[in-house]
Amino acid sequence: QVQLVESGGGLVQAGGSLKLSCVGSGRSFSRKTMGWFRQTPRNDREFVASISWTGTISHEDSVKGRFTISRDNDVNTVYLQMNNLQPEDTAVYYCAASSDAGIPTARKYDSWGRGTQVTVSS
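All values reported here derive from a predicted model rather than from experimental measurement. (Residues numbered from 1 in each chain as written. Predicted model: local features only at pLDDT ≥ 70, side-chain atom pairs only at ≥ 80, totals over all residues. Heavy atoms only, no water.)

Details of the overall build of the protein chain
Thinking step 1. Of the regular secondary structure elements, the protein chain holds zero helices and eleven strands.
Thinking step 2. In summary, the protein chain has a C-alpha radius of gyration of 13 Å against a globular reference of 14 Å for 122 residues, a match within 12%.
Thinking step 3. With the principal axes as the frame, the protein chain shows a C-alpha extent of 40 × 25 × 25 Å.
Thinking step 4. Put simply, the protein chain has 122 residues, and 43% of those count as buried.
Thinking step 5. A separation of at least 24 residues holds for 58% of the contacts in the protein chain among residues at least 6 apart in sequence. (Helix = DSSP H or I, 4+ residues; strand = E, 2+ residues; numbered from the N terminus. Rg over C-alpha atoms; globule rule 2.2 N^0.38 Å. Buried < 20%, exposed > 50% of the residue type's maximum accessible area, 1.4 Å probe, protein only. Contact = heavy atoms within 4.5 Å.)

Encoded structure:
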């Protein structure tokens, strides 16, 4: 497992942007698929985006064209650039790591950060 710490959340107006970062510990980071998930008090945790060590990238349909996941293995960090944020994007955003390649399901992620709050005002 890796230890993950998210940052970059905050309060932004609709149409604004935020960039989330997640720093991972350990030498295995570069061999992990990294994912971003989000959760609201009323909903289950939902998939946002993932990027595998083999280069496979996936974004959930509602964020395509607005959010972009990327990674920098030299600094053990995965990013989520979020543009044109909308009130429905308000949630706690979690970073997660999986040893599976491709596009793992949530239950295949075995390391999770504590989350960072994103609030979008209308």
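Brief notes about the pattern of salt bridges
Thinking step 1. Tallied over the full model, the rule gives four salt bridges.
Thinking step 2. Of the charged contacts, one joins R38 and D89 as a salt bridge, the two residues approaching to 3.0 Å between their closest N and O atoms. With R38 in strand β4 (residues 33-39) and D89 in the loop between β8 (77-82) and β9 (91-98), the pair connects residues that are 51 residues apart, well separated along the chain.
Thinking step 3. Assessed through its relative accessible area of 1%, D89 is described here as buried.
Thinking step 4. In this structure, D89 and R66 form a salt bridge, with 2.7 Å as the shortest nitrogen-oxygen distance. Of this pair, D89 sits in the loop between β8 and β9 while R66 sits in the loop between β6 (57-59) and β7 (67-72); the two residues are 23 residues apart in sequence, bridging distant segments of the chain. Each member of the pair, D89 as well as R66, is classed as buried. (Salt bridge = Lys/Arg side-chain N within 4 Å of Asp/Glu carboxyl O.)

Here's the deal with the state of the cysteines
Thinking step 1. For the structure shown, the criterion picks out one disulfide.
Thinking step 2. The residue that forms a disulfide with C22 is C95, at a sulfur-sulfur distance of 2.1 Å. Since a negative S-S torsion denotes a left-handed disulfide, the C22-C95 link at about -75 degrees is left-handed. You can see C22 sitting in strand β3 (residues 18-24) and its partner C95 sitting in strand β9, a full 73 residues away along the chain. The exposure classification of C22 matches that of C95, with both residues buried. (Disulfide = S-S within 2.5 Å.)

Details of unusual backbone geometry
Thinking step 1. Residues other than glycine seldom take positive phi values, yet N76 does so here, at roughly 50 degrees.
Thinking step 2. Considering the arrangement of structural elements, one finds N76 in the loop between β7 and β8.
Thinking step 3. One non-glycine residue, N84, lies in positive phi territory at about 50 degrees.
Thinking step 4. Following the sequence through the fold, N84 ends up in the loop between β8 and β9.

What to know about the side chain of T33
Thinking step 1. Relative to the assigned elements, T33 resides in strand β4.
Thinking step 2. By relative accessible area, which is 0% here, T33 ends up buried.

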